[in-house]
Amino acid sequence: MTKEINKKKFVAIVPVREFDSILPGKNSLPFGNSDLLTHKLRQLKETSRVDEIIVSTDSKIYEEIAFSEGVEVNKRPKKYASPNANFNDFVKYIASKYKDTHVVWAPVTTPLIDSEDYEVAIKEYSEAIKKEYDSLITVNKVKRYLLDENGPLNFRYDISQRSQNALPILYEYVNGISIAPSNSIYDWGYNWGKIPFKLILPVMKQIDICDQEDYKFARFLNGDFS
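The residue numbers shown here count from 1 along each chain, following its written sequence. A pLDDT threshold of at least 70 governs which residues receive local features in this predicted model, and a stricter bar of 80 or more applies before side-chain atom pairs are shown or counted, although totals over entire chains, interfaces and linings include all residues. With hydrogens and water set aside, each side-chain value is computed from the structure's full complement of heavy atoms.

Engineer: Mind laying out the overall build of the protein chain, listing which residues take part and the relevant values?
Structural biologist: Across its full length, the protein chain carries seven helices and eleven strands. Taking the principal axes of the C-alpha coordinates as reference, the protein chain spans close to 60 × 50 × 35 Å. Expressed as a percentage of the 226 residues in the protein chain, the buried residues total 49%. Throughout, a contact is declared for two residues whenever any of their heavy atoms are within 4.5 Å. Considering only contacts within the protein chain whose residues lie at least 6 apart along the sequence, 73% involve residues at least 24 apart. Summing over all exposed atoms, the protein chain offers an accessible surface of approximately 12,200 Å²; the carbon and sulfur share of this is 50%. Working convention for charge: Lys and Arg count positive, Asp and Glu count negative, and His plus the chain ends are omitted. Lysine's charge is taken at NZ, arginine's at CZ, aspartate's at CG and glutamate's at CD. The averaged location of the 32 negative side-chain charges in the protein chain is 4 Å from the averaged location of its 31 positive side-chain charges. A run of H or I in DSSP becomes a helix once it reaches four residues, and a run of E becomes a strand once it reaches two; helices and strands are each numbered from the N terminus. Three exposure classes are used, based on accessible area relative to the maximum for each residue type with a 1.4 Å probe and protein chains only: buried under 20%, partly exposed in between, and exposed over 50%. Areas reported as accessible are Shrake-Rupley estimates using a 1.4 Å probe. Residue values count occlusion only from the protein chains shown.

See below:
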């Protein structure tokens, strides 16, 4: 298995489609001294274990940004970029394009995840895949009193729990980094598997930009006060 890990390339996929109903033009919004897409590409370019970076997009603007950074572009067919596009179909399409590789899914919407985090993730994945794990994902370890519409999820009213340390550990998926073999991704129709290694991210790096408030908070954490 070690030889298999060493001989296969790590390909970072940066998915950026033109359409976004909540925050239009999100992927090229100003961030740091550039924009969100450029910022992510530069982080990946500084990651020594990433062999190739691919921007998958249907947008001319994002395509031009990728080319300006010396990064290859996968011109995403419209059927995988429309508002009604099926994510599972898109993932299978990407896996079919980059066979026999390890795919590092790298969304631009988690801009506080940096090159060092990618280095750590690839190192941890390379060890985990030799064991019982089939992929790697980033998570937040949750030790809070959680409820849904029907009541408690991880505690009981009739049992006294004086400390959060007594709560069972739950994990929140963070859409920051996922890594898996492309051939497995194609079989699953998803970018990570049923037995993922859970890489816990520092809380400050977990911000995932979905709307304007997320964007403002991420810029604040990055020191963008303009």
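Now that the structure has been shown, we can carry on.
Engineer: Quick rundown of the pattern of salt bridges? Include the residues and the values.
Structural biologist: The salt bridge definition used is simple: a Lys or Arg side-chain nitrogen within 4 Å of an Asp or Glu carboxyl oxygen. This model, assessed by the stated rule, comprises eleven salt bridges. Lys75 is paired through a salt bridge with Glu63; the nearest N and O atoms lie 4.0 Å apart. Residue Lys75 is found in strand E5 (residues 72-75), and its partner Glu63 is found in helix H3 (residues 60-68); the two are separated by twelve residues along the sequence. Looking at Lys75, the relative accessible area reads 54%, which means it is exposed. Three or more residues joined by partner-sharing salt bridges are found here, namely Arg42, Lys45 and Glu69.

Engineer: Please provide a residue-by-residue account of the layout of surface pockets, values included.
Structural biologist: Method remark: on a 1 Å grid restricted to protein atoms, a set of points is classed as a cavity if a 1.4 Å probe fits but cannot get out and as a pocket if it is open with protein on both sides within 12 Å along at least five of seven lines; lining residues have an atom within 4 Å of a point. Grid points are joined across faces, edges and corners, and a volume is the space filled by probe spheres set on the points. Reported here for the largest pocket is a volume of approximately 680 Å³. Taken together, 27 residues make up the lining of the largest pocket; nearest its centre are Pro15, Arg17, Lys26, Phe87 and Asn175. Going through the elements one at a time, helix H4 (87-97) and strand E10 (170-181) are the ones with two or more residues in the lining of the largest pocket. Residue composition of the lining of the largest pocket, grouped by class: 16 nonpolar, six polar and five charged. Quantified by volume, the second largest pocket comes out at close to 190 Å³. Each residue is assigned to one class: nonpolar for Ala, Val, Leu, Ile, Met, Phe, Trp, Tyr, Cys and Pro, charged for Asp, Glu, Lys and Arg, and polar for all the others, Gly among them.

Engineer: Please set out the environment of Lys131 residue by residue, giving values where relevant.
Structural biologist: Note on placement: Lys131 falls in the loop between helix H5 (115-128) and strand E7 (135-142). Residue classification places Lys131 among the exposed positions, given a relative accessible area of 56%. For the pair Lys131 and Phe197, spaced 66 residues apart in sequence, the C-alpha to C-alpha distance is 9.9 Å.

Engineer: Can you break down the side chain of Thr101 residue by residue, with the values?
Structural biologist: Looking at the secondary structure, you find Thr101 in strand E6 (residues 101-105). What qualifies as a polar contact is a pair of N or O atoms within 3.5 Å, subject to a donor-acceptor requirement within protein and to the restriction that residues adjacent in sequence count only when both atoms come from side chains. At 2.7 Å, the side chain of Thr101 forms a polar contact with the backbone oxygen of Tyr98.

Engineer: I'd like to hear about the packing of aromatic side chains, residue by residue, with values.
Structural biologist: We describe a pair of aromatic rings using the distance from one ring centre to the other and the angle between the two ring planes. Side-chain rings of Phe, Tyr and Trp, where Trp is taken by its six-membered ring, are said to pair if the distance between their centres is within 6.5 Å; with planes under 30 degrees apart they count as stacked, over 60 as edge-to-face, and otherwise as tilted. Summed over the entire model, instances satisfying the criterion amount to eight aromatic pairs. Summarising the aromatic geometry, the rings of Tyr80 and Tyr93 are spaced 4.7 Å apart at their centres and angled 25° between planes, so their arrangement reads as stacked. Here Tyr93 lies in helix H4 and Tyr80 lies in the loop between E5 and H4, a separation of 13 residues in the sequence. Residue Tyr80 is classed as buried on the basis of its relative accessible area of 14%. Relative accessible area serves as the criterion here: at 11%, Tyr93 is assigned to the buried category. For the pair Tyr133 and Phe197, a centre-to-centre distance of 5.4 Å together with 90° between the ring planes defines the contact as edge-to-face.

Engineer: Just give me the short version of unusual backbone geometry, but keep the residues and values in it.
Structural biologist: For Asp100, which is not glycine, the phi dihedral falls at a positive 55°. Residue position: Asp100 is located in the loop between H4 and E6.

Engineer: Outline the environment of Lys79, listing residues and values.
Structural biologist: Within the secondary structure, Lys79 is located in the loop between E5 and H4. Among the residues examined, Lys79 registers a relative accessible area of 59% and is labelled exposed. Between the alpha carbons of Lys79 and Asp58 there is a distance of 9.9 Å; along the sequence they are 21 residues apart.

Engineer: Account for helix H2 (residues 36-45), with residues named and values stated.
Structural biologist: The element H2 is extensively covered by neighbouring structure, given that eight of its ten residues are classed as buried. If you check which residues of H2 are buried, you get Leu36, Leu37, Thr38, His39, Lys40, Leu41, Gln43 and Leu44. In this structure, the buried side of H2 is in contact with strand E1 (9-15), strand E2 (30-31), strand E3 (34-35), strand E4 (52-57), H3 and H5. N-cap assignment for H2: the residue whose side-chain oxygen lies 3.1 Å from the backbone N of Leu37 is Asp35.

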